[in-house]
Structures are given as structure tokens and as C-alpha cells.
Amino acid sequence: MISRAEKCGQTMHLENLRKTGTMISCAREEDAVIVSTPKPIETVLAGLEGESPVFLVGCNLCAAACRVGGERETRAMAEALGLRGLEVAGRRVLDGACNARKTQRDLVSCREELARARSVLVLACGGGAQSVLSALERIGFDRLPVHPGADTLMQAEQSGPADFEQFCSLCGECRLDDFGGICPATRCAKGLLNGPCGGSAGGRCEVFPDHPCAWALIGERLLRMGRLERIERIVPPRPADPRAHPRRLRRS
Ligand code: SF4
Ligand code: SF4
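Here the structure is a predicted model, which means the values were calculated and not measured. (Residues numbered from 1 in each chain as written. Chains lettered and ligands numbered in written order. Predicted model: local features only at pLDDT ≥ 70, side-chain atom pairs only at ≥ 80, totals over all residues. Heavy atoms only, no water.)

Looking at the state of the cysteines
- Under the criterion given, the structure shown has zero disulfides.
- The structure places no disulfide on Cys59, whose sulfur is separated from the nearest cysteine sulfur, that of Cys62, by 6.0 Å.
- The class of Cys59 is buried, set by a relative accessible area of 6%. (Disulfide = S-S within 2.5 Å. Buried < 20%, exposed > 50% of the residue type's maximum accessible area, 1.4 Å probe, protein only.)

This is how it looks when you write it as C-alpha cells:
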């Protein structure tokens, strides 16, 4: 029987793997971050119209790693706003904007500057921006508008200083065991749970040729594990979960 990987044009690739044991390596795992990208300055300015002075908030974890909201970027944003005639009431780079307790503690120490501000601009992910909003509400600044200064893209592995790759889309029901440890729901451009699609060439994805085909990776992985027959199994579709969002987890 022809395996799915072979149908996808991976025959030579798999043959080579059988003979040489050579594999396509994944990015080296260094860190996991929430990846965001700065909003265009015009968009930021439109949101802040009539709301000067502005208090700037950055984040020294993920947002700094993405060069969106670290010390350097918040200083640059302060300068950019100043050049466009907006006053900056103050700025603070938080030690992880998504850490509610630390965020509240740090913002308490900025009360004076916050009292002068007419709005807050957060250079961090959407979760961080909402964590800042909640902290501000808890310390009495519940009317201050909180604006996002970044667009949040994904949770990803960081494989280099400016290189991020999404491995997981946080679906809430991990099925990695069905795929040799590689997630097609995230890493296959078509999200195929029963791939491949047949369009891959040379181990690359037909949709995004700069990415490896997730199903080629799955085939290689299963082969190395001596479980290549698993690629033939039909994986049932994921049941729709009407309660997928919002999620909350409390541990005792
Ligand atoms: S199945 Fe994929 S998207 Fe879902 S939790 Fe596992 S790795 Fe993440
Ligand atoms: S990763 Fe790309 S080429 Fe491979 S099965 Fe998915 S869509 Fe097709």
C-alpha cells in the first residue's frame, strides 16, 4: 500500500531517510514566546487622538524578545509620540505584562504619572494589554482608555534572536500522540489531520514553500520511531467546542 507520505511525493525523501537516517531538522528550541508585531504608528496615533498625555507600558519578556515593547522600543515610541506633539506622562517596562500581581505592583508605583495620563498605550501582546487594564481597574484607574500598540500573532518557539516558529495553536485538546509529536493542526498550512494533501514537493509545503511540509515531518518522525504504519490511520475530526473561549484554569 502507498503511504500518505509517498502519495505526497515524499517517496525519495523517505527512501533517503531509510538509507541514510538523514532527517529534516526542526528549529532549535530556545524559548516559547507570545509573538507580536508593532502596529503602524498611524494606527497608534489614530487610537490616541485627543488622549494626550499618554502613559506607555512595555513588557520585558515576550514583547522585548519580539522587539515590540522592551526598553528600547518604549523609549523609541515615547520619542515618536513626542515628535508628533503628544505628551508622554511616563513609561514603565513591566516584568511580564501578563503577570497580574507584578503588573499591579509596578503600576501602583506609577500612580502619579498615571494620574496625569489621559490614556495608556501598551506595547505588548493582547493578553498583556488586558492584564494592564485589569490592574489599572484594581488600583483605581478604571476610566483610563487602554490601547494596544501591537498585533498579537501566535505562541511560538524562538529559534534565534528574531526568528519565531509556531508549533502549537493552543487548541485545548492535544493530539500530538496521533502524529508522532508534530502538530498538523498548526504546522500544516491546511490544518489537515489526515494528510498529506498531495501537493508537497521536496519535503516543502505547497502553500508556503519556505516551510517544511508538516506531513513530511510527521512521516519522517514516525519512520524513525518504527511506527510509519500509523500515518495510514484515519484521525477523527476534532469536535467543535462551543466553550473553547474564554478559557480559565485555576489550580488548587
Ligand atoms: S494538538 Fe496541536 S494545537 Fe492542539 S495542543 Fe497539541 S500541539 Fe497545540
Ligand atoms: S504542510 Fe502544506 S504540502 Fe504538506 S500537507 Fe499541509 S498543506 Fe499540503
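Some words on the site of ligand 2
- Taken together, Cys188, Ala189, Lys190, Pro196, Cys197, Ser200, Cys205, Glu206, Cys213, Ala214 and Trp215 are the residues near ligand 2.
- Class assignment for the residues of the shell around ligand 2 results in eight nonpolar, one polar and two charged. (Near = heavy atom within 4 Å. Nonpolar A, V, L, I, M, F, W, Y, C, P; charged D, E, K, R; others polar.)

Topic: the side chain of Ser36
- Here Ser36 lies in strand β1 (residues 31-38).
- Apart from the residues lying within four places of it in its own chain, the contact partners of Ser36 are Cys66, Val68, Ala124, Cys125, Ala150, Asp151, Thr152 and Leu153. (Helix = DSSP H or I, 4+ residues; strand = E, 2+ residues; numbered from the N terminus. Contact = heavy atoms within 4.5 Å.)

Considering the packing of helix α5 (residues 100-108) against helix α7 (residues 126-138)
- Close contact between α5 and α7 brings their axes to 9 Å; oriented N to C, the two are set at 55 degrees. If you check the angle between α5 and α7, you find them oblique. As for the relative orientation of α5 and α7, their crossing is right-handed in sense. Across the interface between the two elements, Ala100, Thr103, Gln104 and Leu107 from α5 touch Ser131, Val132, Ala135, Leu136 and Arg138 from α7.
- Of the residues that constitute the contact of α5 with α7, the class distribution is five nonpolar, three polar and one charged. (Axes fitted to C-alpha atoms, helices over the stretch in contact; angles between N-to-C directions. Parallel < 35°, antiparallel > 145°, perpendicular 65-115°, else oblique. Left-handed = near helix turned anticlockwise from the far one by under 90°.)

Some details on the packing of aromatic side chains
- Evaluation of the coordinates by the stated rule reveals one aromatic pair.
- Look at Phe179 and Trp215: their rings are 5.8 Å apart centre to centre, the planes differ by 90 degrees, and that puts the pair in the edge-to-face class. In this pair, Phe179 is assigned in the loop between β7 (163-165) and α8 (184-187) and Trp215 in helix α9 (residues 214-224), connecting sequence segments 36 residues apart. Both residues of the pair, Phe179 and Trp215, belong to the buried class.
- The ring of Phe167 is capped by Arg187, whose NZ or CZ atom sits 4.0 Å from the centre of that ring. (Phe/Tyr/Trp six-rings, centres within 6.5 Å; stacked < 30°, edge-to-face > 60°. Lys NZ or Arg CZ within 6 Å of the ring centre and 35° of its normal.)

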